[in-house]
Protein chains: 2
Amino acid sequence: MPHLPRALAGFARSLPRQLPKSRPNGTAATSIRSQQRCFTSRQPQVLPRALRRGIRRAGIQCHQIRFKSDAEAPVAPTTPIPPKSRSRILHYAYKGLASLGLFMVISGGLVVAFFIYDASTYQDDPETSDIPVSEYALNPRRGGPKNLPIVDYFIDDDDTDDMKTQKHKPKLVILGTGWGSVALLKQLDPGDYHVTVVSPSNHFLFTPMLPSATVGTLELRSLVEPVRKIVKRVKGHFLKALAVDVDFSEKLLEISSTAANGKEERFYLPYDKLVVGVGSVTNPHGVKGLEHCHFLKDISDARLIRNQVIRNLEIACLPTTPDEERRRLLSFVVSGGGPTGVEFAAELYDMLNEDLCKFYPRVLRNEISVHVIQSRSHILNTYDEALSKFAEARFAHDNVDIQTNARVKEVQADRIIYTQKDDEGKLITKELSHGFCLWSTGVSQNEFCQTLAAKIDSQNNRHALETDTHLRLVGAPMGDVYVIGDASTVQNNVSDHIISFLRTLAWEKGKDPTNMKISYPDWRHVAKRVKSRFPQASDHLRRLDKLFEQYDKDKSGSLDFGELSELLRQIDSKLTSLPATAQRANQQGEYLARKFNKLAHASPGLAMNSINDGDIDEAVYKAFEYKHLGSLAYIGNAAIFDINGMNFGGGLLAVYLWRSIYFAQSVSLRTRCLLAMDWSKRALFGRDMMNY
Amino acid sequence: MPHLPRALAGFARSLPRQLPKSRPNGTAATSIRSQQRCFTSRQPQVLPRALRRGIRRAGIQCHQIRFKSDAEAPVAPTTPIPPKSRSRILHYAYKGLASLGLFMVISGGLVVAFFIYDASTYQDDPETSDIPVSEYALNPRRGGPKNLPIVDYFIDDDDTDDMKTQKHKPKLVILGTGWGSVALLKQLDPGDYHVTVVSPSNHFLFTPMLPSATVGTLELRSLVEPVRKIVKRVKGHFLKALAVDVDFSEKLLEISSTAANGKEERFYLPYDKLVVGVGSVTNPHGVKGLEHCHFLKDISDARLIRNQVIRNLEIACLPTTPDEERRRLLSFVVSGGGPTGVEFAAELYDMLNEDLCKFYPRVLRNEISVHVIQSRSHILNTYDEALSKFAEARFAHDNVDIQTNARVKEVQADRIIYTQKDDEGKLITKELSHGFCLWSTGVSQNEFCQTLAAKIDSQNNRHALETDTHLRLVGAPMGDVYVIGDASTVQNNVSDHIISFLRTLAWEKGKDPTNMKISYPDWRHVAKRVKSRFPQASDHLRRLDKLFEQYDKDKSGSLDFGELSELLRQIDSKLTSLPATAQRANQQGEYLARKFNKLAHASPGLAMNSINDGDIDEAVYKAFEYKHLGSLAYIGNAAIFDINGMNFGGGLLAVYLWRSIYFAQSVSLRTRCLLAMDWSKRALFGRDMMNY
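Residues numbered from 1 in each chain as written. Chains lettered and ligands numbered in written order. Predicted model: local features only at pLDDT ≥ 70, side-chain atom pairs only at ≥ 80, totals over all residues.

**Focus on the overall build of chain A**
Part 1: Along its length, chain A carries 23 helices and 28 strands.
Part 2: The buried share of chain A, taken over its 692 residues, is 40%.
Part 3: Contacts in chain A between residues far apart in sequence, at least 24 positions, make up 66% of those at least 6 positions apart. (Helix = DSSP H or I, 4+ residues; strand = E, 2+ residues; numbered from the N terminus. Buried ≥ 20, exposed ≤ 12 C-beta atoms within 10 Å, placed from the backbone. Contact = placed C-beta atoms within 7 Å.)

What follows is the structure, encoded as structure tokens:
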């Protein structure tokens, strides 16, 4: 960085010249000159030589540079003072240039610094030291119910000193690399566990912005982060493979991997703690012909959609494409009016509105239609109704067609068939011809979760694996298996549990539960216990006095068993299951990480007190409590927010807010930089209209 | 931008304070103060009030800010001067902070300005005007030899006023969107032709940097530019389709397009001028098993390679992968030691060396091998031998294995079999197990070119279509069909042509050519004609006197017909055909653009003088002359250059030079920005190790 000091010196040198310019009067420097003369003539004896030279220099500089033309002017000006404005403009222009110069110099310095940094990132000499690899890692023992290789050791167990010490720590196996698993990995203290992550995809996907990647507003790479980078923090291991089964008794996870020749291979991975964060699959809702649809779950889906959209546009330009076929190709249908479907429709509309006309024949713009088919009465039905209506108004303005109360019956290669209720409530079958159909209608359990559910009698939910409020898989050995994210649902059977609480209470008091009367203080005690165990019930247990009064129908001042049961059942019915969102998965992952950190610290003590595994969770950490932070959605150069009951929507400023929220939540500095680059790129160059 | 003026004001305010700091002595300002006193006391009557105020201000400012602690100091200092260093540090610190503040303010202002610009790029209200489309465009007439639709008009012919006026201009059809076609499109004057570009790919690929995209040093999007953006400049049309045949007599191009249902459709596109820039296909050299190889011609190839490399690394990490299989998966073989193969090997090595160790088990790094199989005795055999050796030394240092004088016999799924000459010249069959094989061994004619060559008797070159020096397809009607880029080769039969020149000369002089004696002035005249027609011969026709002397074997002072023929044949043999590079295609495209621009301007005049089409080319513009600008190659944190006979290679600085050359040649501002972003991204975050 040789530029900076020199720049400062140059800056210092330029300063004296600027002094007289800030004077209100142009003749100031001339006066200074005479002033100097007076000075040197009257007080030569008290000034050291260096000082005299310094003053002379400064004076001369002022004179030479600023007032060349005034050199012959009289000391006392008798001519009128020249207008100030011109010198002021000059003055600001000069300063502006100086500032700009300084800015360029600093920017240049930063660029040079960056190049120096860049040069330091290239490794020239390959590392060639010998790497110790355990024989057990190369030739694993066989065993388990199916006599498969059991992978106790990994080829990178001895790679670093940290990894060596971690080798014999409890084995924490994490399935999946979605929001839940990554949140867990990012919060987990390194060193406490021997971590292994198993997933068929080696990237974490920032799902909320996936619709933006389908049309090139964002690039695919900006939404994904290599999982190995994240796993590296906890010195863990990553296996690109698929979990297929679990043996709870031997604590073995059965894993299927694909060899280079495409053959499937299976092996066992032992675990002490297993976290299932395998996510979900798209719900087909029993509709035929979904092979004609696109989905939007993974980053490769976004690439396929992008290619298909451009392909349709290109075919629509061909002279051999008849008019009707062109209209069909340009008819984009989205089945599902949830956030994904709506945001995709919005992004697609943006692209067609902003970029299409610039490069494709204008007639295409007129023949394009975007349709959203929604089964409920409003799109975005999980949002506040005002927001749904705001979004619908926005889409109406954009000529995006919204079909509500419509159920898709069948998707064919060139049309989609759906039924819709007319005003009289009669079902009418309609159809739409389409050149592109996106299927985004909720989630369903994947194969691995189905296998797990089938092994456990107490798992009855068709859509997800049930966990208790400590996120432990219900029916599996306590403290061994946890489920987070879309794969899980937290059990809501509050009343059953509370009634068992009640029975405990009765037994404690030595009374018969059926005849027991519960006083208001008792009720407060019960409610407190309920809240601590089911945090999501807190909202409904706020006004304990009112509830007590309301359900004390005989006005006896106490609740009997029947009255209390009724109260709790009512509360239970109000609790909905948690939404299948990134937010929930993220919070669950962070919760588990905090718990595991505490467990690791507490376990030596607990083991000394011979407290068994199952109870540790509840002993060391509170139950999981979901905090809804709000929902937001992009709806085409506008965005809507539903944050803590505050609902608002708006245009561009809201879009910038929407972006900044996701920017802040983005997984790494890398993705943040890439997002900023992508947004700048769109502003400067538009979206790329290419497919390959 | 409210920040800027405020910043300037702050800057202005800070200036006077800095004046005394550049003085060599700390007591200077105190002296100025006394100086001021002297001034004001002695000459109050001649100074206007404003001036006095101005001077007082300046003096006071100096005093207040700089010398607070010196306020009570005597006019003539008797105490020792305080140490300068502390105040100087403060002074620089202050200036540093002020500069930094200014820098931040200007940067902030730029960011705000960018956001304002960004906000202006969103279109809110969809365009809904009616678009006129010609009935002829929607229902084209049928005709031609195969009675197919003939596309005279397009659906976007009436989109803008410019396009309307262009509708009846000569039809220029350009096949392909590679270097040649894009260079032509970028240089062509808009408005002179009705331009239609036909290509199966809607992007232009910056081929020289393609190897960098295979491992993620650069992103795919940074190397491609949407063709529609380039075509837009000349208000042209683009069809994503494939040319299959040409009818020279009716001037119809037969085009095959794929409908949405996958069915092939054919139509005719009429042309007045046809430019064939369809490029080439990879040369299989008759080797079996190329289905097991990757190629590197298009951007999608780079994506496939990237995914395959990461896939191999991931499989190598699985515990079920045996040791030997791991070594096979990590054995990367490149068949072909030309620039593409060598640069790929270099990029692959960089990635494995710089990024692999960070995230994958360390043992992988030790088991990786990269091999280059080259049929010649050196890699990069088109470069200077010193450079080849430099590259080989570099690869030897990097443990990249180079097999020279080796010919691949067969590629199998897991091994590659090749023969190599041993020291005694005996052929030995060897094999290498591989997990990845890249085939990059020269180019061959594609199907369309073969079809064209088969139609024309005079086309005998197996590898490319022959053109004359005006780039006109030999054998096709003069001035109708041009071939550029890899698809073409410029005819080299100099001697035949010159002898026919000679005959013309003889007839002009009324002499029998076989008996004619050519004097030195005559020879100069002939040589001049030869140079103007075959520019690539110029180098060999520099020393005309020496040549004359050398071939005048009987020392008669004149050449006879036999001697002259011998001379010209020698020159002909020295001329090699032009290389199949981006550089040549680019120059040919630019050449054609300049010629077409001239033709458009000259044609009215020529038509008035009833000069027929065939002669126009030679009348309006000189023959194509290839200027070799040099070759460069990246060889793994080093680069080599072969520019105008100057050969040099080097490390990082050379790499930066290599990058800046390609940066400058990149197709658009967009790709340049993206390249800079990608390089920064690599420096900051490394390469992404993901596949999807």
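We are not done yet, so read on.
**Re the sheet that holds strand β9 (residues 252–258) of chain A**
All names here are of chain A.
Part 1: Read across the open sheet, the 3 strands follow the order β8-β9-β10; overall the sheet is antiparallel. Only two strands of the sheet have a single partner each, and these edge strands are β8 (242–247) and β10 (264–270). Across the sheet, the mean angle from the axis of one strand to that of its neighbour is 25°, orientation sign disregarded.
Part 2: Pairing of β8 with β9, which is carried by 5 bridges, proceeds in the antiparallel orientation. (Pairing = 2+ DSSP bridges. Axes fitted to C-alpha atoms, helices over the stretch in contact; angles between N-to-C directions.)

**Some remarks on the domain arrangement of chain A**
Residues and elements named next belong to chain A.
Part 1: Once the domains are mapped, chain A shows domain 1 (3–75 + 86–111), domain 2 (132–200 + 241–280 + 445–491 + 581–628), domain 3 (290–444 + 629–685) and domain 4 (493–575).
Part 2: Placing a centre on the C-alpha atoms of domain 2 and another on those of domain 3 gives a separation of 36 Å.
Part 3: Every contact between the two is made by 8 residues of domain 2 and, on the other side, 5 residues of domain 3.
Part 4: For the side of domain 2 that touches domain 3, the residue count by class is 1 nonpolar, 5 polar and 2 charged. (Domains from an automatic or database assignment. Nonpolar A, V, L, I, M, F, W, Y, C, P; charged D, E, K, R; others polar.)

**Re the UniProt feature "transmembrane region" (unreviewed entry) in chain A**
Part 1: The UniProt record marks residues 92–117 of chain A with the feature "transmembrane region" (unreviewed entry), using the residue numbering of this structure.
Part 2: Between the end C-alpha atoms of residues 92–117 of chain A there is a gap of 37 Å, over a span that is 100% helix and 0% strand. (UniProt positions renumbered as here; feature names shortened; annotations may be inferred.)

**Observations concerning the sheet that holds strand β27 (residues 639–643) of chain A**
All names here are of chain A.
Part 1: Pairing is antiparallel across the open sheet formed by 3 strands, whose spatial order is β26-β27-β28. Each edge of the sheet is formed by a strand with only one pairing partner; in this case those strands are β26 (631–634) and β28 (646–650). Going across the sheet, the axis of each strand differs from the next one's by a mean of 5°, ignoring polarity.

**Points about helix α12 (residues 339–359) of chain B**
Part 1: The end-to-end C-alpha separation of α12 of chain B is 30 Å, in line with the 30 Å expected for 21 residues at 1.5 Å each.
Part 2: Helix geometry: α12 of chain B is bent most strongly at Leu352 of chain B, by close to 30°. (Expected span 1.5 Å × (residues − 1). Bend = angle between axes of the 7 residues up to and from the residue.)

**Quick word on the environment of Asn381 of chain B**
Residue and element names in this part refer to chain B.
Part 1: Note that Asn381 resides in the loop between β14 (369–373) and α14 (385–397).
Part 2: For Asn381 and Asp192, which are 189 residues apart along the polypeptide, the C-alpha to C-alpha distance reads 43 Å.
Part 3: Beyond its immediate chain neighbours, meaning those up to four positions away, Asn381 contacts Arg376 and Ser388.

**Focus: the environment of Thr514 of chain A**
Residue and element names in this part refer to chain A.
Part 1: With respect to the helices, strands and loops of the structure, Thr514 is situated in the loop between α16 (494–509) and β24 (517–518).
Part 2: The class for Thr514 is exposed, based on 10 C-beta atoms found within 10 Å.
Part 3: Once the C-alpha coordinates of Thr514 and Leu274 are considered, the two residues, 240 residues apart in sequence, prove to be 41 Å apart.

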